[in-house]
Amino acid sequence: MLDRWDPLILLHAISATYALVLGAFQIIRRRRGDRPHRIIGWSWVAAMAFVIASSFRIRTITGGFGWLHALSLFTAGTVTLGIVAARRHNVKAHRSFMTGSYLGLLGALFGVLAVPERRIPETAMHHSVLFAVFVAAVVGTAAAGAWGTIRLAGRPAVRSKQVTEARRG
């Protein structure tokens, strides 16, 4: 069963999990547009870009393309439009495109979980401890990274006493 987890699929699952966690941070977090929002947002975009790109190398059981591939194409468009909207300072459109992209990611997750023969439900059922450790590790590192970004990047720069005095003098 674990032999079905080739490196591409494993990296795809890790990136999707990171995107799920980082996207949740962005949606739940009250502050928008600050440095942590941009850093976490670009990290989310990078994870989504990998998920989208890698999805086209993963085929259905029959070897073709399926509804998840169509969702990947749609998501590539919505993420791109969300970035364009942010660059144009169109906050309402940015929020709509990015939230929609995140909801599409959740939809893909539920679609994958609904089919017991797919890798994630199969692994969760037959290797539950290994699966739980994997999920905890990925979610934990993503959450720690987001939390650390908020704590560190959200602080104003600390100037040394010498720099402050030099600017005054």
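Everything numeric in this text was worked out from a predicted model, so none of it was measured. (Residues numbered from 1 in each chain as written. Predicted model: local features only at pLDDT ≥ 70, side-chain atom pairs only at ≥ 80, totals over all residues. Heavy atoms only, no water.)

Take the overall build of the protein next. Check the secondary structure of the protein and you find seven helices and zero strands. In sequence order, the protein lays out its α and β elements as α-α-α-α-α-α-α. Taking all 169 residues of the protein together, the buried fraction comes to 31%. Sequence-distant contacts in the protein: of pairs separated by 6 or more residues, those separated by 24 or more amount to 66%. For the protein, the accessible area works out to roughly 11000 Å², and carbon and sulfur atoms hold 66% of it. (Helix = DSSP H or I, 4+ residues; strand = E, 2+ residues; numbered from the N terminus. Buried < 20%, exposed > 50% of the residue type's maximum accessible area, 1.4 Å probe, protein only. Contact = heavy atoms within 4.5 Å. Areas by Shrake-Rupley, 256 points an atom, 1.4 Å probe, with all protein chains shown as cover.)

By the element assignment, Ala70 lies in helix α3 (residues 67-87). Separated by 14 residues in the primary sequence, Ala70 and Phe56 place their C-alpha atoms 9.8 Å from one another.

For Ser101, the location among the structural elements is in helix α4 (residues 91-113). With a relative accessible area of 1%, Ser101 lands in the buried category. At a separation of 2.8 Å, a polar atom in the side chain of Ser101 contacts the main-chain carbonyl oxygen of Phe97. Setting aside its immediate chain neighbours within four residues, Ser101 contacts Trp44, Met48, Thr75, Thr78 and Val79. (Polar contact = N/O pair within 3.5 Å; in protein donor to acceptor, adjacent residues only side chain to side chain.)

To continue, consider the nonpolar core. If you look at the biggest cluster of nonpolar residues, it comprises 16 residues, and the most contacted ones within it are Ala19, Trp44, Met48 and Leu105. Elements supplying a minimum of two residues to this core: α1 (7-28), α2 (35-55), α4 and α6 (128-153). Take this core: its biggest share by element is six residues, from α2. When near neighbours in sequence (up to four residues on either side) are disregarded, Trp44 contacts Ala19, Leu22, Gly23, Val79, Met98, Ser101 and Tyr102. (Core = buried A, V, L, I, M, F, W, Y, C linked by side-chain atoms within 4.5 Å.)

Under the 1.5 Å per step criterion, the end-to-end length of α3 is 30 Å for 21 residues, consistent within 8% with the ideal 30 Å. The secondary structure elements touched by the buried residues of α3 are α2 and α4. Directly beyond the C-terminal end of α3, a positive phi value near 60° is found at His89. (Expected span 1.5 Å × (residues − 1).)

Turning our eyes to something else, we now look at the packing of α2 against α4. As a packed pair, α2 and α4 sit with axes 13 Å apart at the nearest point and diverge in direction by 45°. The pairing of α2 with α4 is recorded here as oblique in orientation. α4 is crossed by α2, and the crossing has left-handed handedness. Touching His37, Trp44, Val45 and Met48 of α2 are His94, Met98, Ser101, Tyr102 and Leu105, all from α4. Split by residue class, the contact of α2 with α4 holds six nonpolar, three polar and no charged. (Axes fitted to C-alpha atoms, helices over the stretch in contact; angles between N-to-C directions. Parallel < 35°, antiparallel > 145°, perpendicular 65-115°, else oblique. Left-handed = near helix turned anticlockwise from the far one by under 90°. Nonpolar A, V, L, I, M, F, W, Y, C, P; charged D, E, K, R; others polar.)

Glancing now at the packing of α1 against α4. Packing of α1 against α4 brings their axes to within 10 Å, and their N-to-C directions diverge by 140°. Judged by the inter-axis angle, α1 sits oblique to α4. The interaxial crossing formed by α1 with α4 has left-handed handedness. Between α1 and α4, the residues in contact are Ala16, Ala19, Leu20, Gly23, Ala24 and Ile27 and Tyr102, Leu105, Leu106 and Leu109, respectively.

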